[in-house]
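# Structural description and commentary
Listed here are the chains, written in short residue letters.
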Amino acid sequence: MNTRQNDPEQERRTIHLKVNDKDYALAIGDTVGAVAPSDTLAHTLRETLGLTGTKISCDQGSCGACTVIMNGKSILSCMTLTIECDGARIITIEGLADPATGQLHPLQQAFVDNSAFQCGFCTPGILMSTKALVDQNPHPTRDAIQHALSGHFCRCISHYEVVDAVCQATTTEGDHD
Amino acid sequence: MQPFQHQAATSVADTIAILSTHKGRAKLMAGGTDLLGILKTRATVAYPKVVVNIKSIAGLDKIQSDGQGLSLGALTRLADIVDSEVIRDAYPILAEAAASVAMPQIRNVGTIGGNLAQETRCWYFRYPHSIGGRIMCKRKGEAACLAVKGDNRYHAIFGGKKCFAVCPSDMAVALAALDAEIQISGAKGQRSVAVTGFYHPLGNVLETDEMITGIKVPRPAPNNRQVFIKHRVRDAIDFATVSVGLVVSMDAKTVADVRVVLGAVASGPYRATDAEAALVGRKLDPAVIEKAAEASVAGAVPLSGNAYKVDITKTLVRQALQI
Amino acid sequence: MTNGYRYIGKDTARKDARDIVTGKARFFDDIKIPGMLYGKVKRSPHAHANITRIDTDRARCMPGVRAVLTHTDIPRWEWGMPKHIPILDSKVRFVGDAVALVAADTPDIAEAALDLINVEYEPLPAVYDVEAAMQIDTSPIYAQFAHNTYPDEPPSFEPEMLGHIRIGDVQKGFDEADFTIEDTCGYEIFPNPLPPEPPGFIATWETPDCLTVYTPSQSIAQVRLIGIPFIGMADIRAISTQCGGSYGTKNANLTPMGYAAVLAKATGKPVKVYFTKEEHFHSYSLRLGSRVRARVGIKKDGTLSAISGVWMVNTGSGSESGPLQIAVGLGEVQLVLRCANWDLKGKLVCTNRSPSGIVRGYGGQELESSILPIIGRAMEKAGINPVDFFKKNSVKPGNGYFWREGKWWTYRGIDFNTAIDKGAATFGWKEKWKGWGKPTAIHGNKRIGVGVGVHSNADVGEDSSEATVKLTADGRAVVYCCVSEAGLGQRSSLCKMAAEVLDLPLERVTLSPPDTQLNPFELGLVGSRGTYAVGSAVIAAAEDARKKLLEIAAHRFKSTADQLETENGKIYMVGRPDKKLAWHRIMGVYHSVTGEGRFEPDYSLCNFLMTFVEVEVDTETGQVVLTRMVNATDAGQVIAPKVLEGQLHGAFGSAGLDTALFEETVLDETSGRMLNGNMVDYKWRTFADLPDVKNVILETPMPSHRFKAVGVGEIATSPGPSAVLMAVYNAIGTRIASYPVTATKILNALGKR
């Protein structure tokens, strides 16, 4: 926008993200389609890359809706500047199912089987935190699941079904990747 | 978010040069979970011209330990503190405090430097600009503190005078209990400040051209016991209503040395020296514990709505000593 | 459980489940219309003030700004009940009220332009307390409402709306009473139901007389129904996106629609207004404030002999549906407090708090949470156990009550006492109940207490619904019914009902998009009406379509329709399942068969929920923790078991039970500002704080529709708050008569401070 102070050095910069195994080169700057320095990763994923499965709810880092996995860790994409993500590997909700077959990840299937959502707005974020958890700890206890998800706001109260679903997905045989 | 320029710092010296150039109009960004919140709500008048990424500084996220003590780079992530075997083994209070912060996603990016330098959570201070304009107050350089006559349930019971906002940092409490020092670099050189001396009623001692580079924690006496208790409404996300950090070492059956530090009751971690005095040289029997718990709140002057913090403080101190 | 049904009562994946878990579901912010502009709102710093001057010149000149509107630029369209809430006005009525609107090419430009609008105000005295507001005789908040009290006039659609319960002779009732209690209790913390997705509207004028809106809605048809009178009787086509939570708040709050509509008119472009979470907190729907001053007469055997008093309802700065919420609340309270003599009057009052609106529990939760603590004192006087009291005094078949439209109805459903007994046994009430003001147990500094609350609602058959079902030659069915998905699973449940009637595989039954242009009349998923009211229309339409299809088939089979069956899109004669004809052979590939169904209001059935709670009070820190909850209900027939379980778990959230523990909106009365309008300071239940929960759901067939079911999900939030107050009293032996039970209140009650 017009009030932005231009920095010629920045305008020429390009950053590289790997999102759901796909490489993206994004120009930094304030031209249309470029990433502005103040753009959050949540904004870039949704508005620039069209990956609208990542949700923004509070936009203040207090509700977990925008959670994605970056370099193996769950993070809040609304509190992350895209410009600082150069070289990052990011997984969003769109990257969870098998890209070739469309087969749901066992966690996704367990959420479907357990009706582990009501309105579903918080579900993508919850699934990403859950994925980050089971990647570290393939057989978490209920307590570990609850604490891994402790930053997720679910106002419908699907907490019980979610914990059941994660337990189901992690106690049956199957690949959690 | 309103626009800003962005620079990635390559070293501490580079960071200080950027800070010096912009004279208070540059803000450092590590985990960013506190800074971006304030930039989004525009709760403060000053909006940075430049945001400086310091995560790009190599080597500032190390956890190192030797016979003298522990050294933490300012960029050490809270999650790494929780997981560090060295810390869990010899400085467990730090792991416990770090584990109590916010939520996993924030601990994954939040740094110890950022945790120490975070802004207060005073709800008058943080009021969003988009809803009729920000609330001005002493901390922002003008107008009186609305909390004194308003809803001050989360405010200070010690000190204040100008501003009754409390320091929200859990790490500050644990570090103060370990008698840690904060290492600061700036245009004028380097300095060290005790954690208890880092804060003042309107913020902290960092100059606009300074940054936290690390933390030095002296190795506590052998056979010491460390306790961190955080009281809050919910078991996640919440900042402390009151917290207590206790490091005590025993000499046979009596207390040889003790530090009792309270959190969320003052503008910084509050060292309850009266409680410490009530403990040193004594056995930790119920009467002594009770006396120390009472002494921990000596001099507290609660506001209209936060006297309950006095009760909670006493309870936490008692619980910490009983563990 | 084998009920002989193919889908009813069985867990089937929700139709939208895959979209939700893959991120494909399209919520409001995922929708883009070409050429769309972004609207932002300049908001008031004052709780009550006249606007003396607005300077918009600088904002209008900013590049990328397409429109700046103030109250002088737009028509005076009003909405609310009664109609009184303008889009913009020459005054502001709460901190965060709209002063001016901007449309711009990007949200950032629009937001930056707001800073360039200069406004001068003449502050007026602000009032936040319901009784103080009624005392004010000069400068009321709305000029037309003297003493800040809304008029008693009922709206056009409900000429005899219930505003005052008058039954029997209360003086006689008090004379007959063994004990009389007089008390005041408030539920006045204005909690925010706070769906995760903030509210928003995209508005675009297709013609000067027709507005299309996209919004995440719980009841999309209501947007058209009440939106048309709001925007000067222009036509509205309302389309719902997937809705990220509502809990009542996204039924009928037209505030953002007004902004988007006038900005779209001014710019000739589609305009999107999507509230930030801050705006969602400060300037959207809060739960009504409720204060009851009542006198209660009770006999030794627990019979209520008289209830009189006044119910003062604080709408904040605007009433979305206040009179109807009073009407429903007064109806509901009679279902849980049978009493021969009543004189309880509702009073609707505005103040300078943020506006209130429709919230799950709709009047009843507010009234019960205020009156049941007073009734509790009466129960204690009479020495009656609250579970026995509610068994005695909750609605039974043959009992009568006034419902919201002022008519007397007689309950013709089932007795809920079996559910109460089962719930009590599951909870262990008998063992845990030690008497009024007596803890269940004391463990050191922890005191355990139990309590119970109830809610019952005769809105399961409220208002009208219409549906059509189209059978296509390829053996599929489309249900046309204007129902959006806000998390209730009802779009899937309605498909199950149609699939059951038509004996079709569930995947071959779909529901039309939630678009008012495509569907017949529907009121929406308000109250608890989805299962019985909407379900009845869908079942009737499916039955009608089936009948028409079989009548056509009868010619082919040379039989009568009632000798035929259809299964999986094929028709056969009863007893001859080997000879099947596919639907296309019957109707021909160029045809479809459509059935119609309609539901007329029926207030003679109720749902019911009792919530048992156990709390643990820390006498040293004043902290109260909910340790156990049992919900007991009888749903007649469960349609979707896991969906219902989930909704009952919802008891905590959306301004429900947790409003007794830690949820509240904190107001700074000096500045009129809401202090905790953020998701750290506004407390909500996290995954780390889950008590032990059990739902006891009985299935005693209810004389509703073909599947004998009534809806119950909505009311999950309602019994909890008063149950918690009761449990805390029993734990500590001192009554706390306000919400929530903060540490300060507990420590004060314990005499620690």
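Rules and cut-offs
Residues numbered from 1 in each chain as written. Chains lettered and ligands numbered in written order. Predicted model: local features only at pLDDT ≥ 70, side-chain atom pairs only at ≥ 80, totals over all residues. Heavy atoms only, no water. Helix = DSSP H or I, 4+ residues; strand = E, 2+ residues; numbered from the N terminus. Buried < 20%, exposed > 50% of the residue type's maximum accessible area, 1.4 Å probe, protein only. Contact = heavy atoms within 4.5 Å. Areas by Shrake-Rupley, 256 points an atom, 1.4 Å probe, with all protein chains shown as cover. Buried area = accessible area lost by both parts, 1.4 Å probe. Salt bridge = Lys/Arg side-chain N within 4 Å of Asp/Glu carboxyl O. Polar contact = N/O pair within 3.5 Å; in protein donor to acceptor, adjacent residues only side chain to side chain. Nonpolar A, V, L, I, M, F, W, Y, C, P; charged D, E, K, R; others polar. Pairing = 2+ DSSP bridges. Right-handed = clockwise from strand over helix to strand, strands pointing away. Expected span 1.5 Å × (residues − 1). Axes fitted to C-alpha atoms, helices over the stretch in contact; angles between N-to-C directions. Left-handed = near helix turned anticlockwise from the far one by under 90°. Core = buried A, V, L, I, M, F, W, Y, C linked by side-chain atoms within 4.5 Å. Domains from an automatic or database assignment.

### Describing the overall build of chain A
Assigned secondary structure in chain A consists of six helices and five strands. Each of the 177 residues in chain A was classed as buried or not, and the buried ones make up 64%. The contacts of chain A with a sequence gap of at least 6 include a subset with a gap of at least 24, amounting to 57%. Total accessible area on chain A stands at roughly 6,400 Å², and carbon and sulfur atoms take up 48% of it.

### Focus on the environment of I184 of chain B
All names here are of chain B. Tracing the chain through its elements places I184 in strand 6 (residues 181-186). Given the relative accessible area of 1%, I184 is considered buried. With 116 residues separating them along the chain, I184 and Q68 place their C-alpha atoms 20 Å apart. Contacts of I184, omitting those with residues within four sequence positions, involve G189, Q190, R191, V193, F198, V205, L206, E210, M211 and T213.

### A look at the interface of chain B and chain C
Facing the 39 residues of chain B at the interface are 37 residues of chain C. When the two sides are added together, the surface that chain B and chain C hide from each other amounts to roughly 3,200 Å², 53% of it contributed by carbon and sulfur. Per-residue buried area on chain B facing chain C is highest for W123, I131 and R234 of chain B; these three make up 19% of the total on that side. Summed over the shared surface of chain B and chain C, the result is five salt bridges. Between R42 of chain B and E111 of chain C there is a salt bridge whose closest N-O contact spans 3.7 Å. At the junction of chain B with chain C, the criterion picks out 13 residue pairs in polar contact (both at pLDDT 80 or more). Split into classes, the residues belonging to the side of chain B that touches chain C amount to 17 nonpolar, eleven polar and eleven charged.

### Structural notes on the pairing of strand 16 (residues 304-314) of chain C
All names here are of chain C. Burial analysis of strand 16 places nine of its eleven residues in the buried class, which makes it a mostly covered element. Note that strand 15 (residues 289-298) and strand 16 share ten bridges and pair antiparallel. Counterpart to V296 in the pairing with strand 16 is I307. Here strand 15 folds back onto strand 16, and the loop between the two strands holds five residues, one of which, G302, carries a positive phi near 90°. When strand 16 meets strand 17 (residues 342-349), the two strands line up parallel, connected through eight bridges. Residue pairing across strands places S308 opposite D343, the latter belonging to strand 17. Handedness of the β-α-β unit built from strand 16, helix 9 (residues 322-336) and strand 17 comes out right-handed.

### Description of helix 18 (residues 720-732) of chain C
All names here are of chain C. Under the 1.5 Å per step criterion, the end-to-end length of helix 18 is 18 Å for 13 residues, consistent within 8% with the ideal 18 Å. Among the 13 residues of helix 18, 13 are classified as buried, and the element is accordingly described as predominantly covered. At the exit of helix 18 stands G733, carrying a positive phi of roughly 80°.

### Observations concerning the sheet that holds strand 3 (residues 65-69) of chain C
All names here are of chain C. Strand order in the open sheet formed by seven strands is 3-7-1-14-11-12-13, and the pairing between neighbours is mixed. The outermost strands of the open sheet, each flanked by one partner alone, are strand 3 and strand 13 (235-241). Here the strands of the sheet are splayed against their neighbours by 25° on average, with no regard to which way each runs. Pairing between strand 11 (residues 200-207) and strand 12 (residues 210-216): five bridges, direction antiparallel. Each residue of the ladder has a partner; that of I202, found in strand 12, is Y214.

### Remarks on the packing of helix 14 (residues 490-502) of chain C against helix 15 (residues 530-557) of chain C
All names here are of chain C. In the contact formed by helix 14 and helix 15, the axes pass within 9 Å of each other and the chain directions differ by 35°. Between helix 14 and helix 15 the crossing geometry is right-handed. The residues of helix 15 that touch helix 14, namely those facing Q490, L494, M497, A498, V501 and L502, are G530, T531, V534, G535, V538, I539, A542, E543 and R546. Of the residues in the contact of helix 14 with helix 15, the class split is nine nonpolar, four polar and two charged.

### Concerning the interface of chain A and chain C
In this complex, chain A contributes 46 residues to the contact, which on the side of chain C involves 58 residues. Here chain A packs against chain C, burying approximately 4,200 Å² in sum over the two surfaces, 61% of which is carbon and sulfur. Salt-bridge contacts for R46 of chain A lead to D29 of chain C; the nearest nitrogen and oxygen are separated by 3.2 Å. Our enumeration of links across chain A and chain C arrives at 18 residue pairs in polar contact (both at pLDDT 80 or more).

### Section: the environment of Q171 of chain C
Mapped onto the elements of the fold, Q171 of chain C is located in helix 5 (residues 170-176). Measuring from C-alpha to C-alpha, the distance between Q171 of chain C and D343 of chain C comes to 9.8 Å, with 172 residues separating the pair along the chain.

### Notes on the nonpolar core
Core analysis: the biggest nonpolar cluster contains 174 residues, and L337, I371, L471 and F612 of chain C have the highest contact counts within it. A total of 14 residues in this core trace back to one element, the largest contributor, which is helix 15 of chain C. Discounting chain neighbours no more than four positions away, the residues touching L337 of chain C are L304, I307, W342, I371, L372, I375, F389, F390 and N393 of chain C. Of all hydrophobic cores here, the second largest spans 91 residues; its members include L76 of chain A, A95 and V195 of chain B together with L286 of chain C.

### Focus on the pattern of salt bridges
Taken as a whole and assessed by the stated rule, the structure comprises 75 salt bridges over all chains. The shortest N-O distance in the salt bridge between D80 of chain B and R77 of chain B comes to 3.7 Å. Looking at D80 of chain B, the relative accessible area reads 28%, which means it is partly exposed. The class of R77 of chain B is partly exposed, set by a relative accessible area of 32%. Here K547 of chain C and E551 of chain C are joined by a salt bridge, their closest N and O atoms 3.7 Å apart. Residue K547 of chain C and its partner E551 of chain C are located together in helix 15, separated by four residues, close to a single helical turn. Its relative accessible area of 49% is what places K547 of chain C among the partly exposed residues. The partly exposed category is assigned to E551 of chain C, whose relative accessible area is 38%. Connected via shared salt-bridge partners are R46 and K55 of chain A together with D29, D30 and K272 of chain C.

### Overview of the domain arrangement of chain A
Residues and elements named next belong to chain A. The domain architecture assigned to chain A consists of domain 1 (8-93) and domain 2 (106-171). Relative to domain 2, the C-alpha centre of domain 1 lies at a distance of 24 Å. The interface is formed by 16 residues belonging to domain 1 together with 13 residues belonging to domain 2. When domain 1 packs against domain 2, the two sides together hide about 1,100 Å² of surface, and 68% of this comes from carbon and sulfur. Joining domain 1 to domain 2, the criterion identifies zero salt bridges. There are three residue pairs in polar contact (both at pLDDT 80 or more) connecting domain 1 and domain 2. Grouping the constituent residues of the side of domain 1 that touches domain 2 by class yields seven nonpolar, eight polar and one charged.

### Quick word on helix 14 of chain C
Taking 1.5 Å per residue, 13 residues should reach 18 Å; helix 14 of chain C reaches 18 Å between its end C-alpha atoms and fits that length. One or two steps after helix 14 of chain C, the chain reaches D503 of chain C, where phi turns positive at roughly 50°.

### Considerations on the domain arrangement of chain C
All names here are of chain C. Here chain C is partitioned into domain 1 (17-26 + 463-599), domain 2 (31-124 + 196-245 + 250-283) and domain 3 (289-460 + 604-749). Look at where the C-alpha atoms of domain 2 and domain 3 centre, and you get two points 35 Å apart. Contact residues are listed per partner, giving 20 residues for domain 2 and 23 residues for domain 3. Buried area between domain 2 and domain 3, both sides added, is near 1,600 Å², and the carbon and sulfur share of it is 63%. Sorting the residues of domain 2 by area buried against domain 3 places M81, F281 and H282 first, and these three jointly supply 40% of that buried surface. There are zero salt bridges connecting domain 2 and domain 3.

### Description of the sheet that holds strand 1 (residues 5-8) of chain B
All names here are of chain B. Strand order in this open sheet of three strands is 1-3-2, and the pairing throughout is parallel. Edge positions in the sheet fall to strand 1 and strand 2 (26-29), since each has one partner strand and no second. The mean angle between the axes of side-by-side strands here comes to 25°, regardless of whether they run parallel or antiparallel. Where strand 2 and strand 3 (residues 50-53) come together, four bridges link them in parallel fashion. Bridge assignment links A26 to a residue of strand 3, and that residue is V50. Against the sheet, helix 1 (residues 12-22) makes contact with strand 1, strand 2 and strand 3, and its axis sits at roughly 150° relative to strand 2, the strand it touches most.

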